Structure formats: structure tokens, C-alpha cells
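Each chain, letter by letter, is given below.
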Amino acid sequence: MHDYKLMPKVELHLHLDGSVRLETVAELLNREIVDVEKDMVASDKCLDLNDYLTKFAIAGKVMQTKENLRRIAYELAFDLKKDGVIYAEIRFAPLKHILGGLNASEVVESVLEGLFQVDIKTNLILCMMRGDNEKQNMEVIDLACSFIGRGVVAIDLAGAEAIYKTYDYKNLFEYAKKLQVPFTIHAGEADGEDSIKSAIAFGAKRLGHGVNAIFYPKLLEEIKEQDILLEICPTSNIQTNVVKTLSEHPVRALYDTGISISISTDNRTVSNISLTEEYEQLEQILAFNYDDFVKMNIAAIKHAFLNDKDKALLLREYESLLNNINN
Ligand SMILES: [Zn+2]
């Protein structure tokens, strides 16, 4: 097996509040790590996505001050670098972090300050939440717009997909398009055809998960034709019961259709996994090889929320790092 830790990697789908170190939460709440682990790490098999989402509450508690947000972002950037990630788009919902009196801009600034302390390229995607009202979600779009060019690159729609239908958020994506704020959408994870169709109709160039597209050949064609990238997070899909086991995961079939995909962890702590480990499992169980992962990372760079110049720079850096480890 290749040493995937050394391989330069790009991660496009990663939640900040699902990737807070257990030690940090334990220290900040003055609790034992084993107790925090029970509340924060999802079991190998949750009931469904809604069950999995309950694991985020405890991190949310400690992510309410500038100092803690800075620290948590810094630690994640550090962990990413250690995992061999050279570029990451980290997402979180800023309005979840204003309960301690910060305003949403201060929340974003604090996270950016933490990220900037580590020598790794990162950008933020701000999440609107299913279940929040339109006014709140519009605020997230305005916030993203005000930070574009300063560390925020896009917005997302996250949360309970099976309960709150994607189609109901049409106005928000119209508004985002008007403001020229790029977006990805969690779609085709806990819901199926209608959700993916809506996301594509809104103009999403990337889908969070999108794995349920495998059941709809017409959608697969559309995804391929429009070169929409699927942000696939295999371990998370198994925990949320979207897929039974890794050997049954459609990532292999999706990849074989020629659709652009990239691999992410979704949540490093809640899913208790690194990107290196995701690659290792995919190699062992689904026979992906080194060249496949290179191809996926190049697709990820192509679909990153970066301008053409920055994409070209990142691609050059990626290729030269790859050459270095192979020589
Ligand atoms: Zn996600």
C-alpha cells in the first residue's frame, strides 16, 4: 500500500464543528476525554443522518468565544497539515456561534485568524442551515459576500436533508447567484432524486455527497455532462446509514462512470477518521489505487472555489509535491 499520508491531498468537504479535537473540548469543559468521546464521536452505525447530527451539539458549546474559535481553527489547520492536506475548504455555520454575544463577522474573523496561523492553504465555506428561516440564511449569504476575497469562498446548505427539502431553499440560491456568491449544496445524502435535481437546477457546481445519484441514470448523465463534482465522504455515509458497508459504497460505481469525485472526511472527530485513513480503506476495500487518488485530487483542484490563477498555482504546487515524493 502507498503511504497516503505523504501524498499531497485536497479536502473540499470538511465541517469545522465536526472536527474539533476531543482533548480541546474536554479541556474547555473540564471533562474527561472518554466522556466527551461518547458525546462527540458517532457510532459506526447511527440510526440516520439526524441521529449523527446530534454529535455536533457539544462542540457548539465551546465555539462561542473568539479565543476558542481561533484555537479550534488553528488546531484543525495543524491537523490537516499533519495529514498531508495541502488545500482545504472548511465549512461551518456562523450563526451557530453567536450565542455567546459575538456577531457573525467576529465569528468568521476569529476562525480565519486561527487558520492563518498555520502554513497551509485554506478557505471557508459558510453554511446556511436547513430549518433556519430565510432571513437567517440570507444573512449568511450577505456575510459570505462581505468576506469574499478575504478567506471565504462560497456558501453551502447543510442540516437535515430528509426533513427540510432542498427545493424549499430556491430563493436563497437565486439570491446567492445575484450576489455572485458560489455555492455547493448537501444533496443526495439523506434524500434522493428531488433533492439532487433541485440542487442542479439551482446551479450547484458541486454536491455535498450526492451518492444517491447512483440510483438515477438520467441524473448521473446530467452530473457528468455539467461536470458537477461529488464531494464524497465514505465513512460518514456508512455512519449515517446512507450506505450499509464500505464494500457496497457507490463511490466505485460513480467513479467508473467518469463523474468528477473527490474524497473528504466530512468530520474528522465525529467520524473519527483522517483523510489518509479514508484513502487507505478505499484502496483496501474498493481497489482504488494511487493514480485514482491523483486523478481525484486534480478534479478537486479544478472544482475548488478558487479563481483560475489560484487553481493553476495550486495545481503546479500539487504536481511538484507529487514529483518530489516519487523521486
Ligand atoms: Zn457535510
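On a predicted model such as this, the values are computed, not experimentally measured, just so you know. (Residues numbered from 1 in each chain as written. Predicted model: local features only at pLDDT ≥ 70, side-chain atom pairs only at ≥ 80, totals over all residues.)

Draft legend 1. Broad picture of the overall build of the protein chain. A count of helices and strands for the protein chain gives 15 helices and eight strands. Here the C-alpha radius of gyration of the protein chain, 18 Å, is about what a compact globule of 327 residues would show, namely 20 Å. Overall size of the protein chain, expressed as C-alpha extent along the three principal axes, is 50 × 45 × 45 Å. Looking at the 327 residues of the protein chain, the share that counts as buried comes to 48%. Put simply, 73% of the contacts in the protein chain that link residues at least 6 apart link residues at least 24 apart. (Helix = DSSP H or I, 4+ residues; strand = E, 2+ residues; numbered from the N terminus. Rg over C-alpha atoms; globule rule 2.2 N^0.38 Å. Buried ≥ 20, exposed ≤ 12 C-beta atoms within 10 Å, placed from the backbone. Contact = placed C-beta atoms within 7 Å.)

Draft legend 2. Summary view of the sheet that holds strand S3 (residues 121-129). The strand order S1-S2-S3-S4 describes an open sheet built from four strands, whose pairing is parallel. In this open sheet, the two edge strands, each paired with only one partner strand, are strand S1 (9-15) and strand S4 (152-158). Pairs of neighbouring strands in the sheet enclose a mean axial angle of 25 degrees, with direction left out of account. Across six bridges, the pairing between strand S2 (residues 85-92) and S3 is parallel. Counted as the bridge partner of isoleucine 90 is leucine 124 from S3. (Pairing = 2+ DSSP bridges. Axes fitted to C-alpha atoms, helices over the stretch in contact; angles between N-to-C directions.)

Draft legend 3. Expanded view of the environment of lysine 5. As for its position among the elements, lysine 5 is in the segment before S1. When the 15 C-beta atoms within 10 Å are taken as the criterion, lysine 5 is described as partly exposed. Considered as a pair, lysine 5 and leucine 124 are 119 residues apart in the sequence and their alpha carbons are 23 Å apart. Once residues within four sequence positions are removed from consideration, lysine 5 is found in contact with Asp83, Gly84 and Thr276.

Draft legend 4. Examining the sheet that holds strand S5 (residues 185-187) more closely. Taken together, four strands build an open sheet; the order of strands is S5-S6-S7-S8 and the sheet is parallel. Each having just a single partner strand, S5 and strand S8 (261-263) make up the two edges of the open sheet. Across this sheet, the average inter-strand angle for adjacent strands is 30 degrees, counted without regard to direction. Sheet analysis places strand S7 (residues 229-232) next to S8, joined by three bridges and oriented parallel. In the strand pairing of S8, glutamate 231 is matched with serine 262. Seen against the sheet, helix H14 (residues 290-303) touches strand S6 (206-209), S7 and S8 and runs at an angle of roughly 105 degrees to S8.

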